[in-house]
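So the chains spell out like this:
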Amino acid sequence: MMLIGHIDNNAMRTSYSTIIDDVLNELATLDLHSLALGRHEFNNLDNQKVWFVLLEYNKSPLTDLKPEVHQYHSDLQIVLTGQETMAWSLDTGKHQTHQPYNPDRDILFYEYQGIDLNYIAAIPGCFYLFTPNVVHITNIQDDDQEMVRKLVVKIHNDLLDIK
């Protein structure tokens, strides 16, 4: 599953999983533009199953990146400043592995062969949820050279009722 939405669109929240609404509510209480880079925990959520990382970076050419997928966590990515291109495709489970699964990071990298990517212009204020059946590539360079400030929320699939 992939979900795209805006962090301020409260009318749509009734259609989201409860954990997405809880995460967006907690993030709304923080000053995300002055928060320190790195890993953070939520005040009212199970920090063994949901946390976030605040990143700043320059985008990379697509050729420098590899498609990735996670087994136990979904990525809720929110661009705060700048913009980037993201790519996604459904995971057939039959793609050629680039690197073996890393259980410490819950990540598997694929080669590009056989992956038909769809592209998204990721803009500030929107969120992009990539569940384990979605191969994704983020941080892709586009025409804009501005540095990106982005928040990545790691959500254990148990909280999304994903099996």
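Not measured: the values here are computed from a predicted model.

### So, the pattern of salt bridges
Opposite charge on two side chains makes pairing possible when the charged atoms of those side chains draw close.
Here is step 1 of the chain: Per the counting criterion, the structure on display carries seven salt bridges.
Here is step 2 of the chain: Between Lys66 and Glu111 there is a salt bridge, with its nearest N and O atoms 3.1 Å apart. Taken together, the positions of Lys66 in the loop between β3 (50-57) and β4 (68-69) and Glu111 in the loop between β8 (107-110) and β9 (118-122) put the pair 45 residues apart, joining distant regions of the chain.
Here is step 3 of the chain: You can call Lys66 partly exposed: its relative accessible area is 25%.
Here is step 4 of the chain: In this structure, a network of salt bridges that share partners links the residues Lys59, Asp142 and Asp144.

### Quick notes on the sheet that holds β3
Here is step 1 of the chain: Across the sheet, which stays open at both edges, the six strands sit in the order β1-β10-β5-β12-β3-β2 with antiparallel pairing between neighbours. Single-partner strands in this sheet number two, and they are β1 (2-6) and β2 (38-41). Across the sheet, the mean angle from the axis of one strand to that of its neighbour is 20°, orientation sign disregarded.
Here is step 2 of the chain: The pairing of β2 with β3 spans four bridges and is classified as antiparallel. What sits directly across from His40, in β3, is Phe52.
Here is step 3 of the chain: Packing against the sheet, helix α1 (residues 18-27) makes contact with β3, β5 (73-81), β10 (126-130) and β12 (148-156), and its axis sits at approximately 140° to β12.

### Overview of the layout of surface pockets
Here is step 1 of the chain: The calculated volume of the largest pocket comes to roughly 530 Å³.
Here is step 2 of the chain: Considering the residues around the largest pocket, the lining is formed by 23 residues, among which Glu68, His70, Asp75, Arg105 and Ile107 are closest to the centre.
Here is step 3 of the chain: The set of elements that each furnish at least two residues to the lining of the largest pocket consists of β3, β5, β8, β11 (134-140) and β12.
Here is step 4 of the chain: Among the elements that line the lining of the largest pocket, the one with the most residues is β11, at four residues.

### Brief notes about the environment of Ile78
Here is step 1 of the chain: Here Ile78 is to be found in strand β5.
Here is step 2 of the chain: Residue classification places Ile78 among the buried positions, given a relative accessible area of 2%.
Here is step 3 of the chain: Excluding residues within four positions of it along the chain, Ile78 makes contact with Ile7, Leu24, Leu27, Cys126, Phe127, Arg149, Lys150 and Leu151.

### A look at the packing of aromatic side chains
Here is step 1 of the chain: Evaluated as defined, the whole model comprises two aromatic pairs.
Here is step 2 of the chain: Here the aromatic rings of Tyr16 and Phe127 are separated by 5.4 Å at their centres, their planes lie at 85°, and the arrangement is edge-to-face. With Tyr16 in the loop between β1 and α1 and Phe127 in strand β10, this pair connects stretches of sequence that are 111 residues apart.
Here is step 3 of the chain: When its relative accessible area of 10% is taken as the criterion, Tyr16 is described as buried.

What counts, and where the lines are drawn
Residues numbered from 1 in each chain as written. Predicted model: local features only at pLDDT ≥ 70, side-chain atom pairs only at ≥ 80, totals over all residues. Heavy atoms only, no water. Salt bridge = Lys/Arg side-chain N within 4 Å of Asp/Glu carboxyl O. Helix = DSSP H or I, 4+ residues; strand = E, 2+ residues; numbered from the N terminus. Buried < 20%, exposed > 50% of the residue type's maximum accessible area, 1.4 Å probe, protein only. Pairing = 2+ DSSP bridges. Axes fitted to C-alpha atoms, helices over the stretch in contact; angles between N-to-C directions. Contact = heavy atoms within 4.5 Å. 1 Å grid on protein atoms, 1.4 Å probe; cavity = no way out; pocket = protein on both sides within 12 Å on 5 of 7 lines; lining within 4 Å. Points joined across faces, edges and corners; volume = space filled by probe spheres on them. Phe/Tyr/Trp six-rings, centres within 6.5 Å; stacked < 30°, edge-to-face > 60°.

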